[in-house]
Amino acid sequence: MSPRDIQDLSRAELEGWCLEQGEAPYRARQILAWVHRQGVRRFDDMANLPKRLRERLAATFCIERLEPATVALAADGTRKLLFHLAPGTDAGSPAAIESVLIPGRKGDPDAFGTNPGACDRLTLCISSQAGCGMGCGFCATARMGLVRNLAPAEIVGQVRAAQSLAVPDRLTNVVLMGMGEPLANYDAVVAALEILTAEWGYAISPRRITVSTVGLAPAIPRFIAETRVNLAVSLHAPTDRQRGRLVPVNRRYPLAALLAACREVPLPRRKRITFEYVMLAGENDADADARALVRLLHGLRAKVNLIPWNPFPGAGFTPSPPGRIVRFQAILRQHGLSATIRESRGLDIQAACGQLAVSRPAA
Ligand code: SAH
């Protein structure tokens, strides 16, 4: 049996392990700081631990590193990282995932970060699963199906790999908007978020992390209560009839259930939920749809992020013309709903929203 990666453990789990070994629980924090903050690869380098503990650790755990197999650079400075993962413990299948590193400038949505050294915002988009089982027709990742869940080490490993690539810049934001449905891999995602936000870990402010969900309603109140990161919900349509066509999971969790889940747990002060809305010509982009969206979100602390649809071969949708998107945004704003338009990045290297897909290696 191969040893477990210590980066898969939460602090509570490692404290439990320390107790079993007859060690004080505070050792867990020291170990985790070596692993995540200092980034050491060998337990023997953990200078403030007793030798017997270092030996026990080395006999029990490993510390793996994700290294990108390729890094593709887009004309706009966006970089796409491809990782090959070891076979998972659950599915046993080889898997590949992608992450996207997106430079930008605050307050200047049109700034192309062609010189990554000069950007003041660097967003990393990471995957939570290899492939995705949600089946949204307008998303290329859905075509892969679900290959397997990622382990916490594989989620935070994408951040470490991107950080070393980003030097001398630092990541400013992390979004779980790559491959997969984060709330369908709930425990691993929450464990990874603990590591990313803890001061013994990556010490990234939860305000700078956003998790995007297709709308798995039962998991949403729990997620809001258990984490402090931002939540984005892929709404995409104002009626069940329209949404059911785009997002199959709407048949299990229709809009009423989804929005009730968003209202169930009070949001912390000043926090809002982002509703993502991909703009598809003739599907969901009419003036009446904008007005229906205003009514649907009435009373919620919400903002809307309109996403120009990024095409891929055989998708069977047409992107809304830019003028339509601007008009749709204007209607939302006229009714007091804050709305932004997401800039498509990395299109030429298939790194934009909904374009991530890695073909399965032939069996
Ligand atoms: N499973 C999560 C994360 C998906 S990716 C979720 O559903 O939210 C983040 C966003 O990109 C989602 O809102 C998703 O619906 C959107 N998206 C998917 N395919 C797209 C495409 N081809 N063009 C633009 N946005 C897309």
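Keep in mind that this is a model prediction, so the values were computed, not measured.

Caption draft 1: Just the packing of helix 5 (residues 186–197) against helix 6 (residues 219–226), in detail. Running from N to C, helix 5 and helix 6 point in directions that differ by 15°, and their axes come no closer than 12 Å. Considering their axes alone, helix 5 and helix 6 lie roughly parallel with respect to each other. The way helix 5 lies across helix 6 gives a crossing that is right-handed. Only Ala219, Arg222, Phe223 and Glu226 of helix 6 make contact with helix 5, whose side of the interface consists of Tyr186, Asp187, Val190 and Leu193.

Caption draft 2: Fine view of the side chain of Ser127. Position of Ser127 relative to the elements: it lies in the loop between strand 6 (121–125) and strand 7 (129–131). Its relative accessible area of 0% is what places Ser127 among the buried residues. In terms of polar contacts, Ser127 uses its side chain to reach the backbone carbonyl oxygen of Glu98, at 2.6 Å. Dropping the residues within four chain positions of it, Ser127 is found in contact with Ile97, Glu98, Leu150, Ile155, Gln158, Gly178 and Met179.

Caption draft 3: Inspection of the side chain of Arg54 at higher detail. Relative to the assigned elements, Arg54 resides in helix 3 (residues 51–60). For Arg54, the contacting residues outside a window of four places in its chain are Phe43, Asp44, Met46 and Leu49.

Caption draft 4: Molecular detail of the site of the ligand. Gly180, Ser212, Ser234, His236 and Asn310 are the nearest of the 18 residues found near the ligand. Residue Val214 places a main-chain N or O atom 3.4 Å away from an oxygen atom belonging to the ligand. At a separation of 2.7 Å, an oxygen atom of the ligand approaches a polar side-chain atom of His236. Relative to its free-state accessible area of 530 Å², the ligand is covered by the protein chains to the extent of 96%. When residues of the shell around the ligand are traced back to their parent elements, those giving at least two are strand 10 (209–213), strand 12 (273–279) and strand 13 (302–308).

Caption draft 5: Geometry of the state of the cysteines. Under the definition given, this model contains 0 disulfides. Note on Cys125: no disulfide assigned, nearest cysteine sulfur contributed by Cys353 at a separation of 6.9 Å. Here Cys132 is not cross-linked by a disulfide; its sulfur's nearest cysteine counterpart is in Cys139, at 6.6 Å.

Caption draft 6: Looking closely at the nonpolar core. Counting residues in each nonpolar core, the largest one holds 121 residues, and the members touching the most others are Ile31, Met46, Leu57, Phe275, Leu297 and Leu332. With 7 residues, the top contributor of residues to this core is helix 5. Once residues within four sequence positions are removed from consideration, Leu297 is found in contact with Leu235, Leu259, Phe275, Ala302, Val304 and Leu337.

The rules behind these values
- Residues numbered from 1 in each chain as written.
- Predicted model: local features only at pLDDT ≥ 70, side-chain atom pairs only at ≥ 80, totals over all residues.
- Heavy atoms only, no water.
- Axes fitted to C-alpha atoms, helices over the stretch in contact; angles between N-to-C directions.
- Helix = DSSP H or I, 4+ residues; strand = E, 2+ residues; numbered from the N terminus.
- Parallel < 35°, antiparallel > 145°, perpendicular 65-115°, else oblique.
- Left-handed = near helix turned anticlockwise from the far one by under 90°.
- Contact = heavy atoms within 4.5 Å.
- Buried < 20%, exposed > 50% of the residue type's maximum accessible area, 1.4 Å probe, protein only.
- Polar contact = N/O pair within 3.5 Å; in protein donor to acceptor, adjacent residues only side chain to side chain.
- Near = heavy atom within 4 Å.
- Areas by Shrake-Rupley, 256 points an atom, 1.4 Å probe, with all protein chains shown as cover.
- Disulfide = S-S within 2.5 Å.
- Core = buried A, V, L, I, M, F, W, Y, C linked by side-chain atoms within 4.5 Å.

These values are about where atoms sit, not about what they do.
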